[in-house]
Amino acid sequence: MLGVCYYPEHWPQSMWQQDAEEMKQLGIEYVRLAEFAWCRLEPTEGNYCFEWLDSAIEILHSQDLKVILCTPTATPPKWLIDKHDDILPNDIETGMTRGFGSRRHYDFSSRSFFDAAMKITHVMASRYANHPAVVGWQTDNELACHDTTLSSSPMALQAFREWCEHKYGTIDGLNKAWGTIFWSMEYQSFDELELPLMAVTETHPSHQLAFRRFSSDQVIHFHDAMVKEIREKCPSHFVTHNFIPMVDTQCDNVALSDPLDFVSYDNYPLGRTDLFFSSLSAAEFERYMRTGHPDFASYSFDQIRGLSKAPFWIMEQQPGPVNWGGHNPKPVDGMVRFWSWEAVAHGASTISYFRWRQAAFAQEQMHAGIKRVDNSKSNAWNEIERFRKELIESRIDVESPVNTCVAIVMDAHNQWVTEIERQGDSYEHQQVEFEYYSALRQLGIDVDFISQSSDLSPYKLIIAPCLPIVSTRFIDACEAHDVHVIFGPRSGSKTEEFWLSPTLGPGLIQQLIDIQVVATETLRDDCPQALNFGVAKLQCGRWLEYIDLSSDSDIEVLGQYLSSEAAIVRNQNCTYIGCLMRVDFLVKVLESSLSALKIPHQLLPHDVRISRRDGKLFVFNYNAEEVIVTLHEIDGKEISVGPRQLVIVDA
Amino acid sequence: MLGVCYYPEHWPQSMWQQDAEEMKQLGIEYVRLAEFAWCRLEPTEGNYCFEWLDSAIEILHSQDLKVILCTPTATPPKWLIDKHDDILPNDIETGMTRGFGSRRHYDFSSRSFFDAAMKITHVMASRYANHPAVVGWQTDNELACHDTTLSSSPMALQAFREWCEHKYGTIDGLNKAWGTIFWSMEYQSFDELELPLMAVTETHPSHQLAFRRFSSDQVIHFHDAMVKEIREKCPSHFVTHNFIPMVDTQCDNVALSDPLDFVSYDNYPLGRTDLFFSSLSAAEFERYMRTGHPDFASYSFDQIRGLSKAPFWIMEQQPGPVNWGGHNPKPVDGMVRFWSWEAVAHGASTISYFRWRQAAFAQEQMHAGIKRVDNSKSNAWNEIERFRKELIESRIDVESPVNTCVAIVMDAHNQWVTEIERQGDSYEHQQVEFEYYSALRQLGIDVDFISQSSDLSPYKLIIAPCLPIVSTRFIDACEAHDVHVIFGPRSGSKTEEFWLSPTLGPGLIQQLIDIQVVATETLRDDCPQALNFGVAKLQCGRWLEYIDLSSDSDIEVLGQYLSSEAAIVRNQNCTYIGCLMRVDFLVKVLESSLSALKIPHQLLPHDVRISRRDGKLFVFNYNAEEVIVTLHEIDGKEISVGPRQLVIVDA
Amino acid sequence: MLGVCYYPEHWPQSMWQQDAEEMKQLGIEYVRLAEFAWCRLEPTEGNYCFEWLDSAIEILHSQDLKVILCTPTATPPKWLIDKHDDILPNDIETGMTRGFGSRRHYDFSSRSFFDAAMKITHVMASRYANHPAVVGWQTDNELACHDTTLSSSPMALQAFREWCEHKYGTIDGLNKAWGTIFWSMEYQSFDELELPLMAVTETHPSHQLAFRRFSSDQVIHFHDAMVKEIREKCPSHFVTHNFIPMVDTQCDNVALSDPLDFVSYDNYPLGRTDLFFSSLSAAEFERYMRTGHPDFASYSFDQIRGLSKAPFWIMEQQPGPVNWGGHNPKPVDGMVRFWSWEAVAHGASTISYFRWRQAAFAQEQMHAGIKRVDNSKSNAWNEIERFRKELIESRIDVESPVNTCVAIVMDAHNQWVTEIERQGDSYEHQQVEFEYYSALRQLGIDVDFISQSSDLSPYKLIIAPCLPIVSTRFIDACEAHDVHVIFGPRSGSKTEEFWLSPTLGPGLIQQLIDIQVVATETLRDDCPQALNFGVAKLQCGRWLEYIDLSSDSDIEVLGQYLSSEAAIVRNQNCTYIGCLMRVDFLVKVLESSLSALKIPHQLLPHDVRISRRDGKLFVFNYNAEEVIVTLHEIDGKEISVGPRQLVIVDA
């Protein structure tokens, strides 16, 4: 199904009718409204002006378009900011107040803002609870974007002290839990606690982790209350939220998404590729600059699917060049359709495009829309039209699930652990996780993302690229199921409160495989080390662990450093990979595991990817040339896929 | 004519007489005094001490030297700072007050400082109005240097609110003009306005542009008042100001220079080359590190000439290594003479060297002077002596104009547009403008810099490398004159208030050439794209526009991307270049235009440049080797120019 | 002798007895205690709790272990910070208060902290003055680490004004001494003075140098008082301090170490190599990443020896990977022993390892210890055991001196001069000094580091890589002794108050060699210039001086630029090197000097180093391969040294 993000308040009312008709013509079903409209809905305190929104909804309704309303809380109006002195957040690097004039200028610990946000939510939900056109809600917008989860405000400090008191009970409990004796940091009361910011040198990691967990909880608390506010008035409406990439929220996304009916994602392949792959050489980068990297959009799709109770939505799909990358290329012709299909292949039910018409003014005026500012149709129009036609013809059930037996464990708390304790500048949590994902995708595997609390029964292979803090529950579940688990380096090395495991790494994982990490080193990214993997000569680097397996003779050594010390070990249930590898080497290691587990796979041609859903096999060719793909799982069938094209076959 | 910057207050009075005699001996006519001397002229409030300056002037006068006095306002003394709490400016990045202890430590919005600056100006102008040695004034020093145009002070905020109220009349007018609805930024009163700084993410571009225009106006208002103060007392004296490179003032330089008799420039080729060309490879950089880039000094000369009602001055000429570059090489022997001639060739009447004697103390002690601290003569002495002798022998009229039929349009407001809206990190306004300039210079063309309001009648070809905001008046003038206009990408794409053109780019330029820019992309600098220019295979990059010319069949496509989409188009009156190119490719495009317009030109040997003035042709050889140049415009005459030498021939 | 850093407060008391027994078993003699334990010693104001420390000391004493106590002042507890609002220092870049939550969070100008620090010192010294196990004290910890010497606090400002008044007597004296007239900075009273921070552009160098000297004096004043406090109660105990690398203290280390019995150093070869050599290419860097650079640890050893009245200690020796480098490799097997021997060869009497057992929690949990957190022995245990055995067998007297006839002059004040006046971004004080040191070491020379005030009688050759401010006393001493002095560029170019020498560079050095530096230039590091050195074609760069020697015909020109201008000159007493060179070129220049002075030397094989002490010759091989070394000074004896091994022979 198709949707669109629409801002009628940016255009003369005289254009609305034609807009609605053209949306209908394009096959749009859902229209998202009111995202940043607070100052127009409540120009001064308590002075509500919904008439214009009523009119817009009516016009859309007259074309049978369904409306998704946004709580407009991402942009509190100036009168609200000026009335309360506690709404603007403080920058954690400098301590300075972050000013008004853009968006997301509120502190999640502000009581005044919490009350005001719930009130406008309540008023809107009350007004539109029974409107026949309104079917659902988007909460706020891209929560935590622009580094707004963490704040160094006095309100945040006060709330953090309360959070710690609630969690640790007594100050002595906190002192013991963290180990504050280290640099004479023992506290006498919770009132002595500070935020772990702007100190002379690095602050206590347990203190930092508590602050991260607290900050995440503040966002979740805010969001839970908003969802509750909506549901009270609109029990029959769905509620969703449009997520940014997981790593950027600085939130526990699993908990954050919990109250939602389904989860949405804002998909900007080119902007994300520009930012994430900026260190690539020109030749490597240019390959993807107008298509996005073959695994980067789907990496988010699969994570979002893991958060969602039902097929996810793309709430905002890039329709052309955007404005916020370091550089903003034009997608190659056909990519908007291509990306739409890619989302469907990975489990999306609905693709909503951002935005209807390019804004003529303000911050995002260089962000393309389906229509241009002169109201002409951009290239995206035809691509969307084609995608819709093909989608209908394909008869794919967009409510169907994606099924696979391979999962990666995601965990925001462990992301924070790696951000707090760099140890090596070349260890990047997202890069490490992405390398595993990309290797699996090159091997033709569909990938689920799960949490440590997920049901493991669907899986034969679970990969935990980075779980320094591992839960007993997860280890028990792994043991209870017939599943093989691959752990990356650092896994199990820390306790819940960010101490070293008292039994050395991999700590609780020793329940699955009886080894000890006796030394750890980190290296510059450009100093790779030899790794013998059977007869294969691979390379590893960045983070290297030295494994002692002397206490268990059933453990097989798969990979060794030049010194013959063990780097990769395996037993029946578990593989422990004590080092990092570039994707091309990781492919070889994972291929060996898949073979051992008898999980069907095939090494795909370069920059070709396959996905499966609802009985179909999708083949995506990111190359600028045609590719012939031999599909092992369909009896070696050979299919040809044109440049930047996709083919859908019966699986 | 020759001048020198002199600080008698830095040396014992016993040296002044000999200094004056040696200046006379060297052929100096003008001596600049009192530039930073406020604390010595008014050691405590209202306690004026001019006796020492009187003495210095008398001694210079006794040698028939003419004196230029500076208003000493670039360095307010500590007692003044301590008396008022509103003089120090605030840093726009951090909000912190910028401290005392260097120079330019005043806020252009400070009323206290304005009053104090006008008072010391008044007192000085009154005292020296009728002194026979005093012939002119330099206002302040290098206005806006060290990023001092913009300030985030409370005074700046208050003044900005008033400026907006004056400009927009009503707050609703401002809301409509900017489009504040975008992210719920509609204001209820001017008192709600903030400076567009330190927000959570990017602020509104119209808001930013208004702040830039306001900030520029504050400098101009200050400067206009100072010039008026001087003229009231000293109607027969000239008034000038010593400019830094245009891009660094963050001011509308055309407006700022308006009240001056002529404009001056501080010429530091090596320091500027070190900063502007820092990304060059070692081999490329080393080529210019002791000579400066062949086009970078003259680029400023030609801009300064465009601001000046009469032949410009070099007020400060680098005489040896300076102290403020990232690295500070020694000019090759002869370069001080070479640069002096270069300035004359581009229209200077007077070259004043900075400074008489290297300072023995303080911040600039590593900045060379004509004399060393032990009072010996540096290399510059002989070079200046030689330059003066040659200048006299050449009989060139230094008051004569430079005439050319080719002009580049400069425009600070459009510089700000590109700084506010990066869109691509590889778009640098000055680099783009400089590439056009350098290409023209390699083709032997003398270049004027003009504003959108200039008289266009002298020109056959006008080039606008970057005019997103174009004026109706300028387009009408282009149409009215028999002139061909070349526009670079982005031109005409914005309205006066920084909205997108409602007819798409190039907006008002569609009056000259009926095309539409239907898509824009930005690319990494290291990802150049193929560009077919006739049979030539060129490259373009960084900023690419896709042009639709379907509505006018008289338009010729000169350049095409690999996709065959139009990149460069032309009709009788106008060429639109929708992409950026490196200088060597741009030379080919401009050569084609010059040929079409029958403007004489020739591609000069590498690093050779020619200029014309007062019937002479100047040939400058920046190479370390001798070069033979065939001069097409003098019947193919061949002349030999030694390494880092110049030759002057009759044109 | 061996020592260890021990934190019993981090572990259950039940482990202490075994710890002590194992220390004894390993051969440890000294145990350092209480370093950061203030919050446990005085949990609330005046409430002293020494019982736990008494117990720990008793247990160690029962094993005949000797105890070194630390004043715990590097980590003031939270209650002290909260009681006084003047303890936390202010960041000099931003002006913001640096927060609690790590260590070294005190301002050296805080009176409250000074009093509190002296009180806890007094209380501890009183308590343990007569304890039979306690033999010595370490003051604080790594004074000035984490950039804490300089602070922008109001207390620092007040103290700076008083310091200036004390030094300059009258404000007019200060104005004249600095030359404040330059940019109108003349002060009317000391109350007008500000710290030279956060100004609009660079502040006055004399002002900056005064602030550096003041800041250093504040640290010294604090430290002198602490030593005095200890000595009053414990006259028979030794007092030492554990230094970080000289360049990082921002203190006059010679003055700072003056009251100590001997000086200690914290030796972390890998962390330091990661930080100092980060610009090396991957291939070059990888060579040293697990051994450290062959000259970088010993460079500090020799400097520390120069500060110490008796053989120095290594107070903290890296026993495995650390946690604070950008990357933290694992030392190659054997390096802990190798580094220990290296310290002994350079004059250490005692090697104390950091730390007994890896911390299970807090900031340094990734920093290796002798024992792991599970109480198993890390690799370091065996290496230390072996080192101790070999040390005993060698019968080397660890109290014996190191004797050499070659010295390098170190001088913190001149380091500050180069930091204040960059002039060229590629001039790095430590790099320049290190290049000379490394060249001498490659030539097999043992090197002393001395100050300008040192006794010069032991030396035949003294090298001053960087002495812009040179003392009359030093020059007189050079002249009085039969010593040849080599000066690097910049030497003698400044006066004591940071003016240019009125006779041009090398200023006072003209007493030794009658030359003038008539021009100075700085170049990009990647733009080396040709240097003719006799028949050898060398390269120089970064900082180039042009020398006029016309007034003295006895001066020999050793090195010339391509222009034939003099770059390196020499007479009987003195060599002046006016440019910088890479180590491999510098080796050739110094080899020529050593030969001329008949100082025995030999160019060693790559990455082999030799040292001499107590009649032994130590040969260290940093290579990964075996090397055969021919020892000229032992009659050409050939010895083979294994990879990363050392050999000790009778000299």
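Keep in mind that what you see is a predicted model, and the values were worked out from it rather than measured. (Residues numbered from 1 in each chain as written. Chains lettered and ligands numbered in written order. Predicted model: local features only at pLDDT ≥ 70, side-chain atom pairs only at ≥ 80, totals over all residues. Heavy atoms only, no water.)

**Student:** I would appreciate a short explanation of the sheet that holds strand 22 (residues 616–621) of chain A in the present structure.
**Tutor:** Strand pairing in a sheet takes place through backbone hydrogen bonds and is either antiparallel or parallel in direction. Residues and elements named next belong to chain A. With antiparallel pairing, the three strands of this open sheet are ordered in space as 21-22-25. The open sheet has two edge strands with one neighbour each: strand 21 (608–613) and strand 25 (646–650). Looking at each pair of strands side by side, their axes are set apart by 20° on average, direction ignored. Here strand 21 runs beside strand 22; their pairing, made up of six bridges, is antiparallel. Of the residues in strand 22, the one forming a bridge with Arg609 is Phe620. (Pairing = 2+ DSSP bridges. Helix = DSSP H or I, 4+ residues; strand = E, 2+ residues; numbered from the N terminus. Axes fitted to C-alpha atoms, helices over the stretch in contact; angles between N-to-C directions.)

**Student:** Help me understand the pattern of salt bridges, please; the structure alone is not making it clear to me.
**Tutor:** Close approach of charged atoms allows side chains of opposite charge to pair. All names here are of chain A. Applying the stated criterion across every chain yields a total of 126 salt bridges over all chains. Between Arg127 and Asp54 there is a salt bridge, with its nearest N and O atoms 2.6 Å apart. Taken together, the residues Arg127 in helix 5 (residues 111–128) and Asp54 in helix 3 (residues 51–62) connect sequence positions 73 residues apart. Residues joined by salt bridges that share partners form a network here, namely Arg441, Asp446, Arg612 and Glu633. (Salt bridge = Lys/Arg side-chain N within 4 Å of Asp/Glu carboxyl O.)

**Student:** How should the nonpolar core be read in this particular structure?
**Tutor:** Across soluble globular proteins, nonpolar side chains show a tendency to be buried alongside one another. Core analysis: the largest hydrophobic core is formed by 561 residues, its most contacted members being A:Leu53, A:Met581, B:Leu53, B:Met581 and C:Leu53. Leaving out residues up to four positions away in the same chain, B:Met581 has contacts with B:Glu435, B:Leu531, B:Leu538, B:Gln539, B:Cys540, B:Arg542, B:Ile568, B:Leu586 and B:Val589. Judged by nonpolar contacts, the second largest core, of 28 residues, contains A:Val409, A:Tyr459, A:Leu512 and A:Ile513. (Core = buried A, V, L, I, M, F, W, Y, C linked by side-chain atoms within 4.5 Å. Buried < 20%, exposed > 50% of the residue type's maximum accessible area, 1.4 Å probe, protein only. Contact = heavy atoms within 4.5 Å.)

**Student:** Please clarify how the relation of the copies chain A and chain B should be interpreted in this entry.
**Tutor:** Both copies of the chain are related through a single rotation about an axis accompanied by a shift along the same axis. Superposition record for chain A on chain B: RMSD 0.0 Å, screw rotation 120°, translation along axis 0.0 Å. Expressed as a symmetry operation, the mapping of one chain copy onto the other fits a three-fold axis. Within chain A, A:Thr94 has its C-alpha nearest the rotation axis, a separation of 4.7 Å. Here only 2% of the contact residues of chain A are again contact residues in chain B; the copies associate through non-equivalent surfaces. (Least-squares fit on C-alpha atoms with pLDDT ≥ 70 in both.)

**Student:** Just to check I follow, could you spell out helix 5 (residues 111–128) of chain C for this structure?
**Tutor:** In an α-helix, one turn spans 3.6 residues; hence positions three or four apart end up facing the same way. Residue and element names in this part refer to chain C. With 18 residues, helix 5 should cover 26 Å at 1.5 Å per step; its first-to-last C-alpha distance of 26 Å lies within 8% of that length. Each element contacted by the buried residues of helix 5 is listed here: helix 2 (38–41), helix 3 (51–61), strand 3 (66–70), helix 4 (78–83), strand 4 (134–138) and helix 8 (205–233). At the N-terminal boundary of helix 5, the capping side chain belongs to Ser110, with an oxygen 3.5 Å from the backbone nitrogen of Ser112. (Expected span 1.5 Å × (residues − 1). Polar contact = N/O pair within 3.5 Å; in protein donor to acceptor, adjacent residues only side chain to side chain.)

**Student:** How should I be thinking about the side chain of B:Arg570 in this particular structure?
**Tutor:** Residue and element names in this part refer to chain B. Tracing the backbone shows Arg570 in strand 18 (residues 566–570). Residue classification places Arg570 among the buried residues on the basis of a relative accessible area of 15%. Dropping the residues within four chain positions of it, Arg570 is found in contact with His484, Ile513, Asp554, Ile555, Glu556, Leu558, Thr575, Ser592, Ser593 and Ala596.

**Student:** Can you help me understand the packing of aromatic side chains in this one?
**Tutor:** To describe a pair of aromatic rings, one takes the distance between the centres and the angle between the planes. Across all of its chains, the model carries 146 aromatic pairs over all chains by this definition. Considering the side-chain rings of B:Phe277 and B:Phe296, the 5.5 Å spacing of their centres and the 75° angle between planes classify their relative orientation as edge-to-face. In this pair, B:Phe277 sits in the loop between helix 11 (269–276) and helix 12 (282–288) while B:Phe296 sits in helix 13 (residues 296–307), placing the two residues 19 residues apart along the sequence. For the residue pair B:Phe277 and B:Phe296, the accessibility class agrees, reading buried in each case. Summarising the aromatic geometry, the rings of C:Trp38 and C:Phe113 are spaced 6.2 Å apart at their centres and angled 45° between planes, so their arrangement reads as tilted. With C:Trp38 in helix 2 and C:Phe113 in helix 5, the pair connects residues that are 75 residues apart, well separated along the chain. (Phe/Tyr/Trp six-rings, centres within 6.5 Å; stacked < 30°, edge-to-face > 60°.)

**Student:** Looking at this model, I keep getting lost on the interface of chain A and chain B. Mind explaining?
**Tutor:** It is common to report an interface's size as the accessible area lost on association of the parts. With 59 residues of chain A at the contact, the number on the chain B side is 51 residues. It is A:His327, A:Gln363 and A:Met366 in chain A that bury the most area against chain B; as a group they hold 14% of the surface buried on that side. Seen at the junction of chain A and chain B, the total is three salt bridges. Its salt-bridge partner being B:Glu194, residue A:Lys78 comes within 2.8 Å of it at the nearest N-O pair. Between the two partners, chain A and chain B, sit 27 residue pairs in polar contact (both at pLDDT 80 or more). Of all the elements in the fold, those that place two or more residues in the side of chain A that touches chain B are helix 2 (38–41), helix 4 (78–83) and helix 12 (282–288) of chain A. (Buried area = accessible area lost by both parts, 1.4 Å probe.)

**Student:** Would you explain the packing of helix 3 of chain C against helix 5 of chain C in this entry?
**Tutor:** Helix-helix packing is described using two parameters, namely the angle between the two axes and the distance between the axes. All names here are of chain C. Packing of helix 3 against helix 5 brings their axes to within 13 Å, and their N-to-C directions diverge by 45°. Judged by the angle between their axes, helix 3 and helix 5 are oblique. Crossing angle aside, the handedness with which helix 3 passes helix 5 is right-handed. Facing helix 3, whose interface residues are Leu53, Asp54 and Ile57, helix 5 presents Met124, Arg127 and Tyr128. In the contact of helix 3 with helix 5, the residues fall into four nonpolar, no polar and two charged. (Parallel < 35°, antiparallel > 145°, perpendicular 65-115°, else oblique. Left-handed = near helix turned anticlockwise from the far one by under 90°. Nonpolar A, V, L, I, M, F, W, Y, C, P; charged D, E, K, R; others polar.)

**Student:** Even after reading the chapter, I still don't get the relation of the copies chain C and chain B, so can you show me in this structure?
**Tutor:** By a simple turn and slide, chain C fits onto chain B: the slide is 0.0 Å along the axis, the RMSD is 0.0 Å, and the turn is 120°. Looking at the interface residues of chain C, only 2% of them are also at the interface in chain B, so each copy uses its own face.

**Student:** Explain the interface of chain C and chain B here, please?
**Tutor:** Taken residue by residue, the interface counts 51 residues in chain C and 59 residues in chain B. Roughly 4600 Å² is buried in total at the junction of chain C and chain B, and carbon and sulfur atoms are behind 58% of that figure. Of all residues in chain C, C:Phe182, C:Trp183 and C:Val200 bury the most surface against chain B, accounting for 18% of the area lost on that side. Counting across the interface, chain C meets chain B through three salt bridges. At the boundary of chain C with chain B, the tally comes to 27 residue pairs in polar contact (both at pLDDT 80 or more). Here the side of chain C that touches chain B gets six residues from one element, more than from any other, and that element is strand 14 (residues 516–522) of chain C.

**Student:** I tried to follow the packing of helix 6 (residues 154–168) of chain A against helix 8 (residues 205–233) of chain A on my own but got confused; where do I start?
**Tutor:** Residue and element names in this part refer to chain A. Direction vectors running N to C along helix 6 and helix 8 enclose 105°, while the axes themselves pass 10 Å from each other. By the angle between their axes, helix 6 is roughly perpendicular relative to helix 8. Where helix 6 approaches helix 8, its residues Ala156, Ala159, Phe160, Trp163, Lys167 and Tyr168 are matched on the opposing element by His207, Ala210, Phe211, Arg213, Phe214, Asp217 and Gln218. Along the lines of polarity and charge, the residues of the contact of helix 6 with helix 8 split into eight nonpolar, two polar and three charged.

**Student:** Got a minute to help me understand the environment of B:Ser110 in this structure?
**Tutor:** All names here are of chain B. Topologically, Ser110 is positioned in the loop between helix 4 (78–83) and helix 5 (111–128). In the structure, Ser110 is positioned 49 residues away from Ala159 in sequence and 9.3 Å away in space, judged by C-alpha atoms. In contact with Ser110, not counting residues within four places along its chain, are Asp86, Ile87 and Met155. At 3.0 Å, the side chain of Ser110 and the backbone nitrogen of Phe113 are in polar contact.

**Student:** What's the story with the side chain of C:His223 in this structure? I'm lost.
**Tutor:** Residue and element names in this part refer to chain C. Within the fold, His223 resides in helix 8. Note on His223: relative accessible area 1%, which makes it buried. In this view, His223 contacts Thr139, Leu143, His241, Leu256, Pro259 and Leu260; residues no more than four positions away in its chain are not counted.

Don't take any of this as a statement about function, it's just geometry.
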